[in-house]
Each structure stands twice: as C-alpha cells, then as structure tokens.
Amino acid sequence: MLDSAHTYRPDRGSEIAWLYGVARNTVLAQRRRTARESRATSRIAGRRLLDADDILRLEERVDAESPARLALEAMADLPDGDRALLELVAVDGLSPAEAAAALGIRQGTARVRLHRARRRIQRVPGVMQPIGGTK
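All values reported here derive from a predicted model rather than from experimental measurement.

## Here's the deal with the pattern of salt bridges
Okay, step 1: Scanning the entire structure with this criterion turns up 4 salt bridges.
Okay, step 2: Across the pair Arg113 and Asp82 runs a salt bridge, and its minimum N-O distance is 4.0 Å. With Arg113 in helix α5 (residues 107–122) and Asp82 in helix α3 (residues 80–91), the pair connects residues that are 31 residues apart, well separated along the chain.
Okay, step 3: Judged by its relative accessible area of 26%, Arg113 falls in the partly exposed class.
Okay, step 4: Of the charged contacts, one joins Arg116 and Asp82 as a salt bridge, the two residues approaching to 3.3 Å between their closest N and O atoms. Here the residue Arg116 occupies a position in helix α5, and Asp82 occupies one in helix α3, the gap between them amounting to 34 residues.
Okay, step 5: Within this structure, Asp82, Arg113 and Arg116 form a network of salt bridges that share partners.

Here it is in structure tokens:
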C-alpha cells in the first residue's frame, strides 16, 4: 500500500475503496505468481535436475561434436560430385571402388576426387580428423 500511495486519486473514490483495490490487485498478483510456479514445478516433476558433472559432460559432448559440425558445413561447399563421393565413403561406409561404381566414374577418378575433398575438409580450422576412412 505504501508503494502505491502515490496512485490514490480522491476524485475516483474513497480511501477504503482504493485500499480494497490495492489489496485485490496484490492478491491477484500473488495468485498469478503461485500459478506460474505451480506450472513450472509440474513441468519438471519427476525429472532429475542437472548437477555440475552433468553440465560438464554436456559441454564436452558439444565440444566433441564441433569438428564434425564444421566438417559437414565444409562438405556443403564441395562440388556436387566430390561431396557425393565423400558422403558415400565417409557416411555410408562404401569403399572408394564401390562409391566409384555407384557414381559411374572410374576408380582412379574417385580416388583423386576423394583425396581432393578430404584435403579441402581438413584445411577448415577446427576439423582435426580425416573423414571417410581409408578403405
């Protein structure tokens, strides 16, 4: 009430009516807060809260996935044929010879394109491991 005293206007009603209005608004605000807290509590009910070790593991996992994310972004910049070849070898696990057959190109061409694609990916800062194996 003391914080709201400056809002009292005698021309709009009596002091008692103003006090009831302040009390009503205070009670309604408290009910809204309680309802919000109740909804928040029900959303997390039965779930375990994260502790410092959980957060550390999540951060490590995100950091570990960062080079792979960078490699995928770099793959998007490759020419279509090189990217298709790299996807067949690195993602689908085909050998370069199998990938060459699937794409209808010669094995030597596939090996050159694969080497070129891998080098371009490895030059991206943050990408540490060669992708696609050595089959």
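## Observations regarding the confidence of the model for the protein chain
Okay, step 1: Overall, the prediction assigns the protein chain a mean pLDDT of 83, with 93% of residues at 70 or greater.
Okay, step 2: When mean pLDDT is compared element by element in the protein chain, helix α4 (residues 96–103) scores highest at 91, while helix α2 (residues 52–76) scores lowest at 80.

## Considerations on a nonpolar patch on the surface
Okay, step 1: The grouping of Met1, Leu2, Ile16, Leu19 and Tyr20 at the surface amounts to a nonpolar patch, some 590 Å² of accessible area in total.
Okay, step 2: Among the secondary structure elements, Met1 is positioned in the segment before α1 (15–44).
Okay, step 3: Note on Met1: relative accessible area 54%, which makes it exposed.

## Quick notes on the packing of α3 against α4
Okay, step 1: Running from amino to carboxyl end, α3 crosses α4 at an angle of 130°, the nearest separation of the two axes being 9 Å. As the angle between them shows, α3 and α4 are arranged oblique. Remark: the crossing between α3 and α4 carries right-handed chirality. Contacts from Gly81, Ala84, Leu85, Leu88 and Val89 of α3 reach α4 at Pro96, Ala99, Ala100, Ala102 and Leu103.

Calculation rules
Residues numbered from 1 in each chain as written. Predicted model: local features only at pLDDT ≥ 70, side-chain atom pairs only at ≥ 80, totals over all residues. Heavy atoms only, no water. Salt bridge = Lys/Arg side-chain N within 4 Å of Asp/Glu carboxyl O. Helix = DSSP H or I, 4+ residues; strand = E, 2+ residues; numbered from the N terminus. Buried < 20%, exposed > 50% of the residue type's maximum accessible area, 1.4 Å probe, protein only. pLDDT = per-residue confidence, 0-100. Patch = residues over 30% accessible without salt bridge, like charges linked within 9 Å, V, L, I, M, F, W, Y side chains within 5 Å. Areas by Shrake-Rupley, 256 points an atom, 1.4 Å probe, with all protein chains shown as cover. Axes fitted to C-alpha atoms, helices over the stretch in contact; angles between N-to-C directions. Parallel < 35°, antiparallel > 145°, perpendicular 65-115°, else oblique. Left-handed = near helix turned anticlockwise from the far one by under 90°. Contact = heavy atoms within 4.5 Å.

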